Amino acid sequence: AVKNIGVVIGSLRKGSYSKAIGQYLKDHAPEGISMETVEIGNLSLYNQDYDESGEPAEYAPFRQKIKSFDGIIFITPEYNRSVPGVLKNAIDVGSRPYGSSVWDGKPALVISSSISNQSGFGANHHLRQSLAYLNMPTLAQPEVYIANVQECFNEEGSLLKEDSGQFLQKVLAAYLDFANKII
Ligand code: FNR
């Protein structure tokens, strides 16, 4: 059964709403489920030359960490109608060397949010495209688009809207069910 879930967050911002969503999920994880946020802000920009010349020291522990999880929850804002570069970089680092991607087969959940009513649809679906290629079975329903996220959480991470909390708990339960069928 699923036990350890990695949380990968597409924002490095201190007061990030994506981080607030991650913290809420962690605080409401069912008994026996551990959730850990993975550091991605320290990963050097991927350069394929590293395949030959040796890699930055932080890559190996990052890959080991991702490998240790039963599933991955991605929580991302949208930057310019797509996935923030910091998140894409982490995906790329984890996918290499070719043939030993640490993402392979891990069940995923995608959560996008935005401070407008557009809810990060572009980021959500660009991310799904990469996850499909990386052989990560990804929960299809319920979809998780959090619009006007600043009305759901504040920048200190406190929940402002009970409905959003209920919804996120429902999503987490659906994801864990889904992941348990896969691993
Ligand atoms: C944004 N933002 C944004 N929002 C959106 O809905 N669609 C978009 O395409 C963009 N593009 C964008 C680009 C860049 C470079 C920045 C910095 C911001 C706004 C974004 O949703 C907002 O800053 C969120 O608060 C970012 O998420 P975190 O940091 O709160 O998790």
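Residues numbered from 1 in each chain as written. Predicted model: local features only at pLDDT ≥ 70, side-chain atom pairs only at ≥ 80, totals over all residues.

What am I meant to see in helix α6 (residues 162-182) here?
Within an α-helix, residues lying three or four positions from one another point in the same direction, as the helix has 3.6 residues per turn. An ideal rise of 1.5 Å per residue puts 30 Å on 21 residues; α6 measures up with 31 Å between its terminal C-alpha atoms. Restricting attention to buried positions, one finds in α6 the residues Leu172, Tyr175, Leu176 and Ala179. Buried residues of α6, viewed axially, fall in a sector of 100°; they line one side. Opposite its buried face, α6 presents the exposed residues Glu162, Asp163, Gln166, Lys170, Ala173, Asp177 and Lys181, each directed more than 90 degrees away. (Helix = DSSP H or I, 4+ residues; strand = E, 2+ residues; numbered from the N terminus. Expected span 1.5 Å × (residues − 1). Buried ≥ 20, exposed ≤ 12 C-beta atoms within 10 Å, placed from the backbone. Arc of directions from axis to C-beta.)

What should I look at first to understand the packing of helix α1 (residues 17-27) against α6 in this one?
Packed helix pairs are characterised by how far apart their axes lie and by the angle those axes make with each other. At a minimum axis separation of 10 Å, α1 and α6 run at an interaxial angle of 65°. The orientation of α1 relative to α6 falls into the category roughly perpendicular. Crossing angle aside, the handedness with which α1 passes α6 is right-handed. Between α1 and α6, the contacting residues are Ile21, Tyr24 and Leu25 on the first element and Gly165, Leu168 and Leu172 on the second. When grouped by side-chain class, the residues that make up the contact of α1 with α6 number five nonpolar, one polar and no charged. (Axes fitted to C-alpha atoms, helices over the stretch in contact; angles between N-to-C directions. Parallel < 35°, antiparallel > 145°, perpendicular 65-115°, else oblique. Left-handed = near helix turned anticlockwise from the far one by under 90°. Contact = placed C-beta atoms within 7 Å. Nonpolar A, V, L, I, M, F, W, Y, C, P; charged D, E, K, R; others polar.)

Looking at this model, I keep getting lost on the confidence of the model for the chain. Mind explaining?
Low pLDDT marks stretches whose predicted atomic positions should not be read closely. Per-residue confidence for the chain averages 98 on the pLDDT scale, and 100% of its residues sit at or above 70. Under the prediction, the complex receives an ipTM of 0.99, its pTM being 0.98. (pLDDT = per-residue confidence, 0-100.)

Teacher, can you tell me more about the sheet that holds strand β2 (residues 34-37) here?
Across a sheet, strands are paired by hydrogen bonds formed along the backbone, either parallel or antiparallel in direction. Pairing in this open sheet of five strands is parallel, and the strands run β2-β1-β3-β4-β5 from one edge to the other. Two strands lie at the open edges of the sheet, namely β2 and β5 (145-146), each paired on one side alone. (Pairing = 2+ DSSP bridges.)

What should I look at first to understand the environment of Gly22 in this one?
Positionally, Gly22 belongs in helix α1. Given 22 C-beta atoms within a 10 Å radius, Gly22 is considered buried. Sequence separation between Gly22 and Leu109 is 87 residues; the distance between their C-alpha atoms is 12 Å. Ignoring any residue separated from it by four or fewer positions in sequence, one finds Gly22 in contact with Val7, Ile9, Thr37 and Ile75.

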